[in-house]
Amino acid sequence: MEAAQKNEVKSTFTDYDYSNFYYGAGDDPLNVLPAFMRWFEDALPNGYHIYSEPLATAPTTRVVVRSNKTGQLREMLNLASYNYLGISYRDEVKQAAIAAVEKYGLGASGSPILSGTFDVHEELAEAVAQFKGKEAAILFPTGYSANVGFISAIMRSGDNIVLDQYSHASIVDGAILAKSKTTFFRHNNALDLERKLSGMKGKKLVVVEGVYSMDGDICALPEILDVAKRHGARILIDEAHSTFLFGPNGRGVAEHFGLDKEVDFHLGTFSKSLGGQGGFVCGSRDLITYVAGFGRSRFFSCNLAPMIASGLLAGIKIVEAEPELRAKLWSNVAYLRRRFAEEGVDIGKSNSQVMPVHVNNDAKVFAVASKIQERGVFLQPVTYPAVPKHKSRLRISISAAHTTADLEEAMKVIAGVLREEGISKQ
Amino acid sequence: MLEYAFSDIISGYFEFPTENARRLLPGHLEPIELHHGASVLSIGVFDIKESPVGPYRSVSLSVLVVPLVKGTGGETMPNSAFYPFLCGTNRPEPRALAIEHLHLPHWTEDVQIALEREARSVRSSVSVGGESILDLTITDYQWSEAHHLYQCFSKDSTGAYLAGIRTVGEFSDHQEETGQLRLHDHPFNAGLAIPDVYEVPLQESWLRAGTQAFESLVQLQPV
């Protein structure tokens, strides 16, 4: 038998990922570093250089990006930033933030429960509550801390938290911090949720997202809500990627389905549609008062910078005054979806402004993304384990600020590269 | 070094509760979590055509665990690591060899392993004395040549061990969720809370026409 000679291990950097380096042997937590760095120093020049490339301009539809590989500055069409309504760089927003810097200085300099609450924070919380049609709202320094802080504020050891399998890390981390029993149901699958809730005793919280950030599909809320209510579970919807966008008033996916009042807890962020920073939870005044005392991720963090809060207040005013921004976004989404379909580009089940362009080749996705960047379109690849094996993709975000010409330019570059690489259907 | 040539090795990976995984694992091994509270059960069926004890078939139930990364210069990184908590073979000789050399726990009777190969799938039915243990169907995706290193952990009354397995063969793996598992209510599956094991694999892999070489067994420090 020739097995010994033939069984030499051959690998490339895509055979491994961060999950392979979670633990090292022995008692020193740094033992894992040499093996990790050997892999990373191979992965960086061959693909991973495309992550964390620094922007040298505002995240408008055109950005200047410094290549991690060559150090060169390149101007590119931006399909990577959230900023779904193109608000973060509007003059009204910038002027509000500048005025706040003049008035308050750089930061809040304190926890929100001690010295870190300013008048603009209270105004922002009130504006968010009003926009969402709720009694009250509470602010968190980031969207991540909103999920972690809220879930761990209301759920306890021995309680049950039931999550969609595609839940964002902040939701999962909130469940871990709550020390509750955590169960996952198949993505957007009300039947599997029914199975998971059957026979479950005690307090129950079901958590869903308005728009799922890796696939761009929206929550099957009517079916899921029906199951949750029949089993006596409370339901939290994380509208990070849908607040200010979906529904007649832009309140989110819950409003889109006419289920705004049926959902128990509404969470959102300011970093996506408004291009700012921070998170929030809306609900009854009693709930918000309780969370203010138990939301540790907020309690023990410095409050949002007042200049951010001021800029966000100006942003919300724009959203309220200019519903045409949402109309423009949805028109852009419809245009690009149609053009991708015509060119045979697969965007999966996306029905939102988040579009995954499926490459479905884990080894090739970095080269495809690099080639698209070389032709002037800024985007990033997402690969296993963030998405399933062979489901690697390019994640793109559409903004109301994109022009039809921008979208056509992006579509031609993306479809052209996919055709050259033998990935698209045409 | 033990060397085997195989026709097919099919593996299905199934989500199951971490509390179940921890009940099966010795204290020094950490289960890989797919997400919080959910670990991975691996069920493998092996069709061996050449070995030191001749051809045979075997089945293994394993928990995917964290690999041992030593951080030494030139170390080959394992592709994955697993802890077989119960194996079965269709003949006594390969069972004795695996117990003696690899310290792997085995069902003491011969098990019957049927394999039905279709163009794009393999269905395996495992039973003992006419009583069904499990039925596993695995489908293919795209084939390429693989050169992988797996880490196999074991523990018995003599100590804890690690064997590297260098595997070469035609390889297909995917997460299309097209395979299927049925676990029967049989003492072979007593370690598993069957209703909590997903019947659809989160990942399916299929190796064919290849070889496996077990590196010298390493005894791990007492734990």
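Along each chain, residue indices are assigned from 1 in the same order as the chain's sequence is written. Chains carry letters from A onward and ligands carry numbers from 1 onward, assigned in written order. Local features in this predicted model are restricted to residues whose pLDDT is 70 or higher, and side-chain atom pairs enter the listing and the counts only when it is 80 or higher, whereas totals over whole chains, interfaces and linings include all residues. Hydrogens and water molecules were not included; the side-chain quantities draw on all heavy atoms of the structure.

**Q** Just give me the short version of empty space enclosed by the protein, but keep the residues and values in it.
**A** Residue and element names in this part refer to chain A. Think of a 1 Å grid over the protein atoms and nothing else: a 1.4 Å probe that fits but is trapped marks a cavity, an open set flanked by protein within 12 Å on at least five of seven lines marks a pocket, and residues with an atom within 4 Å of a point count as lining. Grid points are joined across faces, edges and corners, and a volume is the space filled by probe spheres set on the points. Under the definition given, this model contains 1 cavity of 30 Å³ or more. Reported here for the largest cavity is a volume of approximately 70 Å³. In terms of lining, the largest cavity is formed by 14 residues, of which the most central are Pro59, Thr60, Asn78, Ser399 and His402. Under the scheme applied here, ten amino acids are nonpolar (Ala, Val, Leu, Ile, Met, Phe, Trp, Tyr, Cys and Pro), four are charged (Asp, Glu, Lys and Arg), and all others, including Gly, are polar. When its residues are assigned to classes, the lining of the largest cavity shows 6 nonpolar, 8 polar and no charged.

**Q** Summarise the pairing of strand S9 (residues 279-283) of chain A; cite the residues concerned and give the values.
**A** Residues and elements named next belong to chain A. Counting buried positions along S9 gives 5 out of 5 residues, so the element sits mostly inside the fold. Using a 1.4 Å probe on the protein chains alone, a residue whose accessible area is under 20% of its type maximum counts as buried, one over 50% counts as exposed, and one in between counts as partly exposed. Each helix corresponds to a stretch of at least 4 residues labelled H or I by DSSP, and each strand to a stretch of at least 2 residues labelled E; elements are numbered beginning at the N terminus. By the alternation rule, side chains of S9 split into Gly279, Val281 and Gly283 and Phe280 and Cys282, which are all buried. One requirement defines pairing of two strands: DSSP has to find at least two bridges between them. Note that strand S3 (residues 136-140) and S9 share 5 bridges and pair antiparallel. Residue pairing in the sheet places Ala136 in a bridge with Gly283 of S9. Summarising the sheet, strand S8 (residues 265-269) and S9 pair through 4 bridges and their orientation is antiparallel. Counterpart to Thr269 in the pairing with S9 is Gly279.

**Q** Give a description of the environment of B:Ile138 that names residues and reports values.
**A** Residue and element names in this part refer to chain B. Within the secondary structure layout, Ile138 lies in strand S8 (residues 131-139). Among the residues examined, Ile138 registers a relative accessible area of 0% and is labelled buried. Distance from Ile138 to Cys87, taken between C-alpha atoms, is 19 Å for residues 51 residues apart in sequence.

**Q** Explain the packing of helix H5 (residues 143-154) of chain A against helix H10 (residues 285-294) of chain A to me, using residue names and the numbers behind them.
**A** When two helices pack together, their arrangement is given by the angle between the helix axes and by the axis-to-axis distance. All names here are of chain A. At their nearest, the axes of H5 and H10 sit 9 Å apart, and the two run at 105° to each other. By the angle between their axes, H5 is roughly perpendicular relative to H10. Contacts from Gly149, Phe150, Ala153 and Ile154 of H5 reach H10 at Leu287, Tyr290, Val291 and Phe294. Grouping the constituent residues of the contact of H5 with H10 by class yields 7 nonpolar, 1 polar and no charged. Each axis is a line fitted through C-alpha atoms, and for a helix only the stretch in contact is used; angles between axes span 0 to 180 degrees, taken between their N-to-C directions. Each angle gets one of four labels, with under 35 degrees taken as roughly parallel, over 145 as roughly antiparallel, 65 to 115 as roughly perpendicular, and the rest as oblique. Any two residues whose heavy atoms approach within 4.5 Å are treated as being in contact.

**Q** Just give me the short version of the nonpolar core, but keep the residues and values in it.
**A** In terms of nonpolar packing, the biggest core is built from 100 residues, with A:Leu124, A:Val206, A:Val208, A:Phe270 and A:Phe340 touching the most fellow members. Ignoring anything within four residues of it in the chain, the contact list for A:Phe270 reads A:Leu124, A:Val128, A:Leu139, A:Phe244, A:Gly275, A:Gly276, A:Gln277, A:Gly278, A:Gly279, A:Phe280, A:Leu312 and A:Ile316. Put simply, a nonpolar core is a bunch of buried Ala, Val, Leu, Ile, Met, Phe, Trp, Tyr and Cys residues held in one set by side-chain atoms that sit within 4.5 Å of each other. Formed by 39 residues, the second largest nonpolar core is a distinct cluster that contains B:Leu86, B:Leu115, B:Val128 and B:Phe153.

**Q** I'd like a description of the confidence of the model for chain B, backed by residues and values.
**A** Any residue range with low pLDDT should be treated as having predicted coordinates unsuitable for detailed reading. Residues with a pLDDT of 70 or more make up 98% of chain B, whose mean pLDDT is 93. Scored as a complex, the prediction yields pTM 0.88 and ipTM 0.72. On a scale of 0 to 100, pLDDT captures the predictor's confidence in every residue.

**Q** Pulling in residues and values, what's your account of the side chain of B:Glu15?
**A** Following the sequence through the fold, B:Glu15 ends up in strand S1 (residues 2-17). Whenever two N or O atoms come within 3.5 Å, that pair is a polar contact, provided that in protein one can donate a hydrogen and the other can accept it, and provided that, for residues adjacent in sequence, both atoms are side-chain atoms. A distance of 3.2 Å separates the side chain of B:Glu15 from the side chain of B:His35, its partner in a polar contact. Residues within four places of B:Glu15 in sequence aside, it is in contact with A:Arg186, B:Leu34, B:His35, B:Ala38, B:Ser39, B:Asp196, B:Val197, B:Tyr198 and B:Leu202.

**Q** Lay out a nonpolar patch on the surface in plain terms, naming residues and giving numbers.
**A** Residue and element names in this part refer to chain A. Exposure above 30% relative accessible area and no salt bridge define the residues that can form patches, which grow by joining like charges within 9 Å and nonpolar side chains of Val, Leu, Ile, Met, Phe, Trp and Tyr within 5 Å. Note on areas: Shrake-Rupley with a 1.4 Å probe; residue coverage comes only from the protein chains shown. Take a side-chain nitrogen of Lys or Arg and a carboxyl oxygen of Asp or Glu: if they are within 4 Å of each other, that pair is a salt bridge. Where nonpolar side chains cluster on the molecular surface, the patch consists of Leu30, Leu33 and Met37 and spans about 250 Å² of accessible area. Relative to the helices and strands, Met37 is located in helix H2 (residues 33-46). Judged by its relative accessible area of 32%, Met37 is partly exposed.

**Q** Give a detailed account of the packing of aromatic side chains, specifying residues and quantitative values.
**A** What counts as a ring pair is set by centres within 6.5 Å for rings of Phe, Tyr and Trp (its six-membered ring), and what kind of pair is set by the plane angle: stacked under 30 degrees, edge-to-face over 60, tilted for all other angles. Considering all chains together, one arrives at 27 aromatic pairs over all chains under this definition. With 5.9 Å between their ring centres and 80° between their planes, A:Phe13 and A:Tyr48 make a pair best called edge-to-face. Of the two residues, A:Phe13 sits in the loop between helix H1 (3-6) and H2 while A:Tyr48 sits in the loop between H2 and strand S1 (62-66), which places them 35 residues apart along the sequence. Its relative accessible area of 10% is what places A:Phe13 among the buried residues. A:Tyr48 sits in the buried class, given a relative accessible area of 9%. Aromatic pair A:Phe299 and A:Phe300: ring centres 4.9 Å apart, planes at 50°, arrangement tilted. Members of the aromatic cluster, joined through ring pairs, are A:Phe13, A:Tyr18, A:Phe21, A:Phe36, A:Trp39, A:Phe40, A:Tyr48, A:Tyr51 and A:Phe366. By definition here, charges over rings are those cases where NZ of Lys or CZ of Arg is within 6 Å of the ring centre and within 35 degrees of the ring normal. The ring centre of B:Tyr198 lies 4.1 Å from the NZ or CZ of A:Arg186, which sits over that ring.

**Q** Provide a residue-level description of the side chain of B:Thr167, including the pertinent values.
**A** Residue and element names in this part refer to chain B. Tracing the backbone shows Thr167 in strand S10 (residues 159-174). Given a relative accessible area of 1%, Thr167 falls into the buried group. At a separation of 3.1 Å, a polar atom in the side chain of Thr167 contacts the side chain of Gln212.

**Q** Report on unusual backbone geometry, specifying residues and quantitative values.
**A** Negative phi characterises most residues that are not glycine, and trans characterises most peptide bonds. Residues and elements named next belong to chain A. Not every positive phi belongs to a glycine, and Asn188 is a case in point at roughly 60°. Residue position: Asn188 is located in the loop between strand S5 (181-185) and helix H7 (190-197). Phi at Asn360 is positive, roughly 55°, even though this residue is not glycine. Tracing the backbone shows Asn360 in the loop between strand S10 (354-358) and helix H14 (365-374). Classification of Asn360 as partly exposed rests on a relative accessible area of 28%.

**Q** Outline the packing of H7(A) against helix H8 (residues 221-230) of chain A, supporting the account with residue identities and numerical values.
**A** Residues and elements named next belong to chain A. Viewed as axis vectors pointing N to C, H7 and H8 meet at an angle of 15°, and their least axial separation amounts to 9 Å. Between H7 and H8, the crossing angle belongs to the class labelled roughly parallel. In this structure, the crossing between H7 and H8 has a hand that is right-handed. Between H7, through Ala190, Leu193, Glu194 and Leu197, and H8, the contact on the second element is made entirely by Glu223, Ile224, Val227, Ala228 and Arg230. Across the contact of H7 with H8, the residue classes break down as 6 nonpolar, no polar and 3 charged. The sense of a crossing depends on the near helix, which, turned anticlockwise from the far helix by less than a right angle, makes the crossing left-handed and, turned clockwise, makes it right-handed.

**Q** Kindly report on the pattern of salt bridges, identifying the contributing residues and their values.
**A** Under the defined criterion, the tally for this structure stands at 38 salt bridges over all chains. The residue B:Glu177 makes a salt bridge to A:Arg186 at a minimum N-O spacing of 3.3 Å. In this pair, B:Glu177 sits in the loop between S10 and strand S11 (180-183) while A:Arg186 sits in the loop between S5 and H7, so the two residues belong to two different chains. Owing to a relative accessible area of 39%, B:Glu177 belongs among the partly exposed residues under this scheme. With relative accessibility at 13%, the residue A:Arg186 sits in the buried group.

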